[in-house]
Amino acid sequence: MGNVSEECPTGAGFLACPPDGAAVHEVALRDGLQSEPVTIDTGGKVALANALMDTGLTRLEVTSFVSPRRIPQLADAEALMMRLPRRSGIAMSALVPNLKGLARARSAGIGQIAVLLSASETFSQRNTNVSIAGMLAILEELVPAAVEQGVGVRGYLSAVWGCPYEGEVDASRAVDLATKLLELGCDEVSLGDTNGVGTPGQTRALLERFLDRIPAERLALHLHDTRGMALTNVAVGLDMGIRTFDGSVGGLGGCPYAPGASGNLATEDLVYMLHGLGVDTGVDLTRLCAAAQLAERLVERPLPGRVYRSLAPGCSQSPGVAHARA
Ligand code: MG
C-alpha cells in the first residue's frame, strides 16, 4: 500500500507526491478507555465499536487481557468480546501482557494481539512493574507462543521520543528493542511518543535510525498530541515512508502525566490531514466524527479532537484538498 505514482521523481516529498494510501490503527477502545477516569459499561463500548466499524476502519484494538485490578476500565474484556460483532475485513486485536492473557484472549476469540515494551527503564518499571529485561523474558515466551497458534502480533515500543521520568531515551537501545520485537515474531512495531514530546526534526533523526535497520512497512507511529506536534510528526513519517498510523477517536485517552492535556492523536484529525493530502484511508470522516460524538457522550467530558469539534454537529465538511487525484 502507498507507493507514489510513476510521475513522481525520486526524492520528491510527500507534499508533491503523496502516497496513495495509509492504514489507520484505531486504539480508542483499549488505549483510550484505559486512560479515562470513568469506566464505560460494556453496552457503551459495543455501541462505540459498532460506530467505529461503520466508518470503514479495518484495524480496531478493542480491549486488554490484563489483570482487572490493574486496569478496571477494561475488566469486561471477555464480556465485551462476547458482544462485539465480527465483521469481515475488520481485524479486532487486544493487548496481552503474558501467557495467561494470551490464553484468555484466545478463549474470547481474539486472533490478533498486541504486546508492550518500553524503551525507557524507569517507564517500564512504573508502567508495568517489570524491567525491560524482565519484559523481554516474558515476550520471548509470549510472542513465539502466539505466532505458533497462528495469532498475529503487534509490538508497541513506548517512550521512544522521551520518557516522562528519565527525559532523554537512548535511540540505539530503542532501535535494538524494536528489532528484537520483530525477531521474536511481531508483524509490526508501533513506535510510541508516549508523552508527546517529539518535534519534527527529532522525528526525522529517530526514524532515520530505525529505518536503517527496519523496513518502513514494518513500522507504525503512535503519536501523542500533548504539545500539538502529533500531525507534524505524522507528516515526517509519511515523508519517510511510514504508512501505518495509530489514532484514538476524539483523542480519547488524555495524557496520564498531565491531567487535562491531550494524549492520543485524534483519529479524525489524522484522517482529515491524510485525506487533505490525497492519501486514502478507506475511512468515512463524517461517520468518524459521529463516532467521536458518541465517545464524548460516553465519557461525559469534552474530547480534544479538533476536526470533530470544528465540524460538530453536522460533521459534513470535506478537508481542503491540495492534490486533486485523477
Ligand atoms: Mg497512546
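As a starting point, this report considers the structure included with it.

Thresholds, definitions, all that
- Residues numbered from 1 in each chain as written.
- Predicted model: local features only at pLDDT ≥ 70, side-chain atom pairs only at ≥ 80, totals over all residues.
- Heavy atoms only, no water.
- Buried < 20%, exposed > 50% of the residue type's maximum accessible area, 1.4 Å probe, protein only.
- Helix = DSSP H or I, 4+ residues; strand = E, 2+ residues; numbered from the N terminus.
- Contact = heavy atoms within 4.5 Å.
- Donors = N, O, S within 2.8 Å, 3.2 Å for Na, K, Ca; no water.
- 1 Å grid on protein atoms, 1.4 Å probe; cavity = no way out; pocket = protein on both sides within 12 Å on 5 of 7 lines; lining within 4 Å.
- Points joined across faces, edges and corners; volume = space filled by probe spheres on them.
- Salt bridge = Lys/Arg side-chain N within 4 Å of Asp/Glu carboxyl O.
- Polar contact = N/O pair within 3.5 Å; in protein donor to acceptor, adjacent residues only side chain to side chain.

**Points about helix α9 (residues 230-239)**
Turning to step 1, where the next piece is worked out: Buried residues dominate α9, accounting for 7 of its 10 residues.
Turning to step 2, where the next piece is worked out: For α9, the set of buried residues is A230, N233, V234, A235, V236, G237 and L238.
Turning to step 3, where the next piece is worked out: On its buried face, α9 is in contact with β6 (188-193), α8 (200-213), β7 (219-223), β8 (244-247) and α10 (267-276).
Turning to step 4, where the next piece is worked out: Directly after α9, the chain includes G241, whose backbone phi takes a positive value near 100°.

**Here's the deal with the coordination of the magnesium ion**
Turning to step 1, where the next piece is worked out: Donor atoms from the polypeptide that coordinate the magnesium ion comprise D31 (OD), H222 (NE2), H224 (NE2) and N264 (OD1), at 2.1 to 2.3 Å from the metal.
Turning to step 2, where the next piece is worked out: Counting the intervening residues between successive donors of the magnesium ion yields the motif D-x190-H-x1-H-x39-N. In this pair, H224 is assigned in the loop between β7 and α9 and N264 in the loop between β8 and α10, connecting sequence segments 40 residues apart. In this pair, the class of H224 matches that of N264, namely buried.

**What to know about the layout of surface pockets**
Turning to step 1, where the next piece is worked out: If you add up the space inside the largest pocket, you get close to 990 Å³.
Turning to step 2, where the next piece is worked out: Looking at the largest pocket, it is lined by 42 residues, and the ones nearest its centre are Q34, I71, L116, N127 and T128.
Turning to step 3, where the next piece is worked out: Mapped onto the lining of the largest pocket, the elements with two or more residues apiece are α1 (28-34), α4 (99-107), β4 (112-118), α5 (121-128), α6 (132-148), β5 (152-158) and β6.
Turning to step 4, where the next piece is worked out: A per-element tally of the lining of the largest pocket places α5 first, with 4 residues.

**So, the pattern of salt bridges**
Turning to step 1, where the next piece is worked out: According to the stated counting rule, one finds 14 salt bridges in the structure shown.
Turning to step 2, where the next piece is worked out: A salt bridge links E78 to R104; the nearest nitrogen and oxygen atoms lie 2.8 Å apart. Of this pair, E78 sits in helix α3 (residues 77-83) while R104 is found in helix α4, placing the two residues 26 residues apart along the sequence.
Turning to step 3, where the next piece is worked out: Residue R309 pairs with E296 through a salt bridge whose shortest N-O separation is 3.0 Å. On the criterion of sequence distance, the pair formed by R309 in helix α12 (residues 306-311) and E296 in helix α11 (residues 285-299) is long-range, its members being 13 residues apart.
Turning to step 4, where the next piece is worked out: R309 sits in the partly exposed class, given a relative accessible area of 43%.
Turning to step 5, where the next piece is worked out: Members of the salt-bridge network, linked through shared partners, are R59, R154, E188 and D246.

**With respect to unusual backbone geometry**
Turning to step 1, where the next piece is worked out: Despite not being glycine, A159 has its phi angle at roughly 55°, a positive value.
Turning to step 2, where the next piece is worked out: If you trace the backbone, A159 turns up in the loop between β5 and α7 (171-184).
Turning to step 3, where the next piece is worked out: Of the residues examined, A159 reaches a relative accessible area of 0% and is grouped as buried.
Turning to step 4, where the next piece is worked out: Not every positive phi belongs to a glycine, and E300 is a case in point at roughly 55°.
Turning to step 5, where the next piece is worked out: Take E300: it is sitting in the loop between α11 and α12.

**Observations regarding the side chain of E61**
Turning to step 1, where the next piece is worked out: With respect to the helices, strands and loops of the structure, E61 is situated in strand β2 (residues 59-64).
Turning to step 2, where the next piece is worked out: By relative accessible area, E61 is classed as buried at 1%.
Turning to step 3, where the next piece is worked out: Looking at E61, its side chain comes within polar contact range of the side chain of H25, at 2.9 Å.

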